[in-house]
Every structure is written in structure tokens, then in C-alpha cells.
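A look at the structure
What follows is the residue order along each chain.
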Amino acid sequence: MRRWHLGLNTFWLLLGLGVVALSLRMPVLGPSGPGGGFLPLILGGLLTASSLTLLLQPVRTVSPDADTEWPDRGGLRRIGAVVAALVAFPILMPSLGFLLTSLAVMLCLLPAIARRHWLANVALSVAASGGIYLVFARLLGLNLPRGPWGF
Amino acid sequence: MGTIDGLAQGFSIILTWQNLYFCLIGSLVGTLIGVLPGIGPLAALSLLLPITFQMPAVAGIAMLAAIFYGAMYGGSTTAVLINIPGEAASVVTSLDGYRMAQNGRAGAALGMAALGSFIAGTISLVALSFFSPLLTSVALRFGPAENFGIMMLGLVSTIFMVQGSTVKGVQMIALGLLVSCIGMDVVDGQERFTFGSVDLTNGFDLTAIVIGLFGVSEILLNMEQVATGERVKTSIRGLWPTVQDWRDSWLPILRGTGIGFVFGVLPGGGPVTASFVSYAAEKRIARQPERFGKGAIEGVAGPESANNAAVAGSMIPLLSLGLPSNAVTALLLGAFIIQGVQPGPMMMVQRPDLFWGVIASMYVGNVILLVLNLPLVGLWVQLLRVPYTILFPLVLLLSVVGAYSVNGNSFDIWVMIGFGVVGYILKKNDYELSPFVLAVVLGPLLEQSLRQSLIMSPDGAMIFARSPIAATALGVTAALVGMLLVKEHNSRRGETLT
């Protein structure tokens, strides 16, 4: 937690300073009242000050409890797999369409999450992607991206 | 239009097959997500928001509201039967509810939770029906200075209500407001923090942010450990409480209703806080406080009534002032805006059908939940046996569909992924996300009110001192900030000493 505490607050501090610098390039106070930089300037200052407060407090008060519990290697692998699966959607969906993308993503993702018979994973992938497509694109008429074959 | 006439109009709108159907769907989905741990009302609301785009406004909002209060009913089932609260507002229910189940009284606990929720929901809806128009008539006279004062009070109260560090709460509010500044400036149309990106011209989409923070980050948290389905061994008999149960519970139900309603109306409050306060109050009032934690029915009746009353309470600032008091009502505000309606004092005048239709739908939804919930307890329990590894593909695909379909744009999926990962890291480091969401929603309104007030004021910030409402709200805000700083200082001193 201490390392993360320092890391996060350093990031907020830099972000706050960046916001202050960018806000000063916008009109802050004009003759007709506050401009577009007024609120961001205050917020950047607030973020900087609050991060400094947390960074400067004595280290021993940072973590009254034990360190943040991060998942084990298996957990991290599953989390990585889910994020990778999500990233695949905006990349593949415009060309393959929603149905094919979701089917392909599920077929790759499910074996990485839980050990099941491969047929069960295929069935779940088809049911989940097909079911969602049917309900949202066909029944509710949402405009989901279509692939080269029109679905 | 008077309250009785308004309600009559509301019922005439909601009692059509189509609207009843959506109210029923909302109640069922709400109960379902209340039962299932790992997906809360916020995630469910954001995932299902896109469905409502195609629906008439009354049906869409009635369905979303039903998910909110349906989750309060459903959350108690798992809390009582397997000691796992389905959502945060049922955490305290498990303290005594689960012990009752262990003592063979699961039926009475579930029955009292449902009946208490129904009674509290109905009483607070009556209060909502009469109180909302009154507040609306006052709010019609609000200008930008008053709005700014009340919104500041709302934002600071969120930090006061949530657990954890005050400074982290301030950081979350500052970050939320900064996110809302991205894109076109609300007052003069100038682009801010867009770095030349066309996708950022309208800022980040609220739905994508919320699905990321509450949907995707929950999936990531659940991926840490892949659990198998829970087996429920408790047998459920006799859902109707005994005469003695009623004798013990009627006062806690009424007190829970009062506490829940007040904490729902209060900015930053909501069902979670209300249920905790009600439990603490019952324990303090009880003649034998040592019975609490060992299966006291008052410990189920009070908090379950309070969390349902808080839902009706929190609809008051949303419908009358257009100001959400917690993250769920913030999302409901988003749903109204997507439907082209700005909630607030003018809504009752311009769209009485929507205003009264939503209120009437909540009366109907409460009846539906009572009638459906108790006989279906067995079915809900069966659902708990479905392992998360089977549920999560659906949640994941719903997240993608939800984020994409708001604007039909892949960029929103990137936003969702980004906020999902950030939300996961923040939750792991004990940051509360509700102040952030509230700040994102209120940001544009807050900035507009602040700048308009200062532009129209001849003597700068004195405009806030001249308005009694703004001055009071900002005075209370300042007092709260002072109290928070003292609390933070004391807790740090305590930690240094230990």
C-alpha cells in the first residue's frame, strides 16, 4: 500500500500541476466574469494540495492496516485476460461486427478463466454472444456493428 | 395540479399493459441483481441504460427506478440465507438475519424483510408524493447562486457519509469535476483538455464511465478468485411472521422508515447509510441490546425498512431540484437527460405525466415486489448456485453493448476499459467511487451556476451571502468541511500514537 500510496499521490500531484499549467493558458478572470480556466484552476490547485497533504504525512500513518492485498499470479492472469478481451472489442468490432467479435473473444477468453470441457466453453460462448446479439440487436433494435456478412 | 390529481394522472399512465410490463421487468431484474453478489444496482442500471433509449420516457425511467428499489428487496435474501449481502445496503441485515436462519427462522426473517420493505416503501412514497410538489414550488424561485450552494453541500456531504479518508474523498471530487470539464465549455463553448481529439469534444460519456467504474472493475475484482456457486442448505418455512414478531417489529419498521426517508433526502445519503443508522438506532433503543447479533428480528426489520424508505427519499431532490443525492440517482438523472428531459422544478410543470408517472410506478412496483418476492424466494436461491464463471461472460458483453450503444462509437469502449482499470486500482487502494460519479454528473451544472452567479453579480462572491438559501447551504458546507478536517486530524493523531 505504501508504494501504491506514494505512486498514486505522486501521479495526482503531477496531474494537478499539469491542470494548473493548462488552465492558466485559458481565460481565468475576464472583464465579464470568470472564464473557462477558472474552475479547472481551482480544481488543479485542490488536487495538488490534497496530494501534497497525503505525501507529506508521516509514513507510519499511511497504512494502519496491512498492505493492499493484490491477487496471486493466477488472479493477475485472469484479470489480464479480461482486459485483453475487452481491448479486442474496439479493435475487431468495426471490421468483424459484434457477433463474430464476441464469439471469437469468448472462445479465447473462457478457457483462460475456468477449466471446463472444451465443448462446455464453446456452448457457453455461443449462448452468451448469440443471446446478447439476439436480445439487443434483433429484439430491442440497438444498432450494433455488423460484419462483412451482415450480422 | 394537486397531489391527488397528479397521482390519479400518474396511475392512469402507469396502469397500461406496456408500462406495467416494464415495471415488472425492472422489479425482477432489480431483485435478481440484489440477490447476486458481485453486481450492484449501479452496475445494473448503467448496463441496462441503453435499452431505455428506445422506450417511452415513463416506461424507461419506471424500469430503472424499479431496478433500484428491487435491489433493496433482493439484497436481503442472500444476507439472511448465506450471510453474503447481495448489495451494500443489506450488509447489516446479515448480522441478525443470518443468525435467525441458523436458528431455523429464515422464513420469518425473509418475510419480515419483505413486509417491512413494503410498509416503509409505501409510507415514504406517500411522503414523497406530498413533499415533492412543495419543494418544487420553492425550487422554482432558485437562481444560479442557490443551485450552486445546494450542489456544493451535496458534494461535500458525500465525503461526510462515506467511510475512509477525507482527503481521498476531496481528491475524488476534484477528479470527478475535472473529468466533467473535459470537452466543450458549458458557458462559452471553448474546448478544454481535448488535445485536438474530436472524440473528446463532448467529453467522456457518463454511461461509459459508470459501466467502467462499477461494471468492469467489479468483473476484475471477481476475477481475483474464481469461486464456485454457493450451496444453500437452510430450509425456508413459514414466511409470514408470528404475532410476537409483529409486536417486536412494528416500531423498528416505523423508525426505519423515518430514518431511511431523511437519509435518502439528505445530500450524500442513501440506502446504505440509512440501513447502518437504523441498525445502530435499534440497538441503542433496545431494552436488551445484547440480543442484537444473535438473531433479533428488530435488526432485520429496521434496516430493511430504512433502505427501502431511502430510495423514495432520494427521489425527492432528484425530481424536485434536479439534483441527485447519491451515485444511483446521479445515473437516473443521466437517464432523464438522455430521454431529453431535465429533472428539476420545471419538470412538474412541463412534464407532469413523467413526474407523476414515475412516482405512481413506484407504488405499483412495491406491490409487484411483495407479491412476487416471497413466493419466488426458492427460485432466487437456486440462482445463487450458478457459478460466476458462467455469469461473467454475460456481464462482460453487456458492458461492451452498454458502452458502445450510447453513441454508436468504439471510443466509448476505450473509455469504459480505462475507467474499469482505474476503478479497480482505486478500489484496491480504499478510494470511494461514489463522490467521483456524483461530481462528474453535477460538474457541468455546478460550473454553470458558479460562473453565471459571478457574471451577474455586481460585487463578486457577495451574491452568495445575499441569498439566504445559498448562504445557509454554503455555511453548512463550510461547517462540514471544518468537522471533516478535525476528524481527519484526530484520526491521524490516533494512528501516530498507536
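Residues numbered from 1 in each chain as written. Chains lettered and ligands numbered in written order. Predicted model: local features only at pLDDT ≥ 70, side-chain atom pairs only at ≥ 80, totals over all residues. Heavy atoms only, no water.

Turning to the overall build of chain A, a few remarks are in order. The secondary structure content of chain A amounts to five helices and two strands. Its helices and strands in sequence order give chain A the pattern α-β-β-α-α-α-α, from N to C terminus. In terms of overall dimensions, chain A is more spread out than a globule: its C-alpha atoms have a radius of gyration of 24 Å, far above the 15 Å expected for 151 residues. In terms of its C-alpha atoms, chain A occupies a principal-axis envelope of roughly 60 × 50 × 20 Å. Residues classed as buried in chain A amount to 44% of the 151 residues present. Within chain A, counting contacts between residues at least 6 apart in sequence, those at least 24 apart form 58% of the total. Taking the average place of the 11 positive charges on the side chains of chain A and the average place of its 4 negative ones, the gap between the two points comes to 16 Å. (Helix = DSSP H or I, 4+ residues; strand = E, 2+ residues; numbered from the N terminus. Rg over C-alpha atoms; globule rule 2.2 N^0.38 Å. Buried < 20%, exposed > 50% of the residue type's maximum accessible area, 1.4 Å probe, protein only. Contact = heavy atoms within 4.5 Å. Lys, Arg positive; Asp, Glu negative; His and termini not counted. Charge placed at Lys NZ, Arg CZ, Asp CG, Glu CD.)

With that settled, the discussion passes to the pattern of salt bridges. Residues and elements named next belong to chain B. A full pass over the atoms with the stated rule returns eleven salt bridges over all chains. When the shortest N-O distance is used, the salt bridge between Arg105 and Asp245 registers 2.5 Å. Here the residue Arg105 occupies a position in the loop between helix H5 (91-102) and helix H6 (106-139), and Asp245 occupies one in helix H10 (residues 243-265), the gap between them amounting to 140 residues. Residue classification places Arg105 among the partly exposed residues on the basis of a relative accessible area of 31%. Taking the relative accessible area as the measure of exposure, Asp245 reaches 4% and is therefore buried. The partner of Glu298 in a salt bridge is Arg291, with the nearest N and O atoms 3.1 Å apart. For Glu298, a relative accessible area of 10% gives the class buried. (Salt bridge = Lys/Arg side-chain N within 4 Å of Asp/Glu carboxyl O.)

What follows deals with the domain arrangement of chain A. Taken as a whole, chain A is organised into domain 1 (2-61) and domain 2 (73-139). Spacing between the C-alpha centres of domain 1 of chain A and domain 2 of chain A amounts to 40 Å. (Domains from an automatic or database assignment.)

So, about the environment of Leu333(B). Residues and elements named next belong to chain B. Position of Leu333 among the secondary structure elements: in helix H13 (residues 327-338). Sequence separation of Leu333 and Val441 is 108 residues, and the distance between their C-alpha atoms is 8.2 Å. Beyond its immediate sequence surroundings of up to four residues, Leu333 is in contact with Leu318, Gly322, Pro324, Gln342, Pro343 and Val441.

Attention now moves to the side chain of Thr52(B). Positionally, Thr52(B) belongs in helix H3 (residues 41-52). Judged by its relative accessible area of 3%, Thr52(B) falls in the buried class.

Before going further, it helps to examine the nonpolar core. Counting residues in hydrophobic clusters, the biggest one holds 165 residues, and the most contacted among them are Val82(A), Phe98(A) and Phe392(B). With 15 residues, the top contributor of residues to this core is helix H4 (residues 57-82) of chain B. When residues of this core are assigned to domains, at least three fall in each of domain 1 (2-61) and domain 2 (73-139) of chain A. Those residues within four positions of Val82(A) in sequence are excluded, and the remaining contacts are Leu109(A), Ile113(A), Ile219(B), Leu220(B), Met223(B), Phe392(B) and Leu396(B). (Core = buried A, V, L, I, M, F, W, Y, C linked by side-chain atoms within 4.5 Å.)

On to the packing of aromatic side chains. The tally for this structure, following the rule as stated, stands at twelve aromatic pairs over all chains. Their ring planes at 80° and their centres at 6.4 Å tell us that Trp12(A) and Tyr431(B) sit as a pair that is edge-to-face. With Trp12(A) in helix H1 (residues 2-24) and Tyr431(B) in the loop between helix H17 (411-428) and helix H18 (434-456), this pair bridges two chains. The two residues Trp12(A) and Tyr431(B) agree in class, both being buried. With a centroid separation of 5.1 Å and 40° between ring planes, the pair formed by Phe148(B) and Phe464(B) is classed as tilted. Of this pair, Phe148(B) sits in helix H7 (residues 144-161) while Phe464(B) sits in helix H19 (residues 462-466), and the two are 316 residues apart along the sequence. With respect to class, Phe148(B) is no different from Phe464(B); both count as buried. An aromatic cluster is defined as three or more aromatic residues linked by ring pairs; in this entry it consists of Trp4(A), Trp70(A) and Tyr424(B). The cationic tip of Lys168(B) hangs over the ring face of Tyr431(B); the distance from NZ or CZ to the ring centre is 4.9 Å. Positioned above the aromatic ring of Trp70(A), the side-chain terminus of Lys428(B) is 5.8 Å from the ring centre. (Phe/Tyr/Trp six-rings, centres within 6.5 Å; stacked < 30°, edge-to-face > 60°. Lys NZ or Arg CZ within 6 Å of the ring centre and 35° of its normal.)

For the rest of this paragraph, the subject is unusual backbone geometry. All names here are of chain B. Phi is positive for Phe193, close to 50°, though the residue is something other than glycine. By secondary structure assignment, the location of Phe193 is in the loop between strand E2 (191-192) and helix H9 (206-223). On the basis of relative accessible area, Phe193 is assigned to the buried category, the value being 13%. Residue Asp430 is not a glycine yet carries a positive backbone phi of 65°. Tracing the backbone shows Asp430 in the loop between H17 and H18.

Further remarks concern the interface of chain A and chain B. Taken together, the 66 residues of chain A in the interface contact 59 residues of chain B. For the pair chain A and chain B, the summed buried surface comes to about 5500 Å²; carbon and sulfur atoms form 80% of the total. At the junction of chain A and chain B, the tally comes to zero salt bridges. There are six residue pairs in polar contact (both at pLDDT 80 or more) connecting chain A and chain B. Counting residues per element, the ones that place at least two in the side of chain A that touches chain B are H1, strand E2 (33-34), helix H2 (38-56), helix H3 (73-96), helix H4 (98-113) and helix H5 (118-139) of chain A. Looking at side-chain class alone, the side of chain A that touches chain B contains 44 nonpolar, 17 polar and five charged residues. (Buried area = accessible area lost by both parts, 1.4 Å probe. Polar contact = N/O pair within 3.5 Å; in protein donor to acceptor, adjacent residues only side chain to side chain. Nonpolar A, V, L, I, M, F, W, Y, C, P; charged D, E, K, R; others polar.)

Moving on, we get to the confidence of the model for chain B. On average, residues of chain B carry a pLDDT of 86, and 95% of them reach 70 or more. Ranking the elements of chain B by mean pLDDT puts H3(B) last, at 81, and H17(B) first, at 94. (pLDDT = per-residue confidence, 0-100.)

Take helix H11 (residues 271-285) of chain B next. Its 15 residues place the ends of H11(B) 21 Å apart at the C-alpha level, agreeing with the 21 Å of an ideal helix rising 1.5 Å per residue. Listed in full, the buried residues belonging to H11(B) are Pro271(B), Thr273(B), Ala274(B), Ser275(B), Ser278(B), Tyr279(B) and Glu282(B). (Expected span 1.5 Å × (residues − 1).)

What follows concerns a nonpolar patch on the surface. All names here are of chain A. Taken together, Leu107, Trp118, Leu119, Val122 and Val126 make up a surface patch of nonpolar side chains, about 470 Å² in accessible area. No other element matches the four residues that H5 contributes to the nonpolar patch. Here Val122 shows up in helix H5. (Patch = residues over 30% accessible without salt bridge, like charges linked within 9 Å, V, L, I, M, F, W, Y side chains within 5 Å. Areas by Shrake-Rupley, 256 points an atom, 1.4 Å probe, with all protein chains shown as cover.)

Another point: the environment of Ala112(A). Residue and element names in this part refer to chain A. Tracing the backbone shows Ala112 in helix H4. Each C-alpha atom of the pair Ala112 and Gly80 lies 10.0 Å from the other, and the pair is 32 residues apart in sequence. Those residues in contact with Ala112, other than ones at most four positions away along the chain, are Arg77, Arg78 and Ala81.

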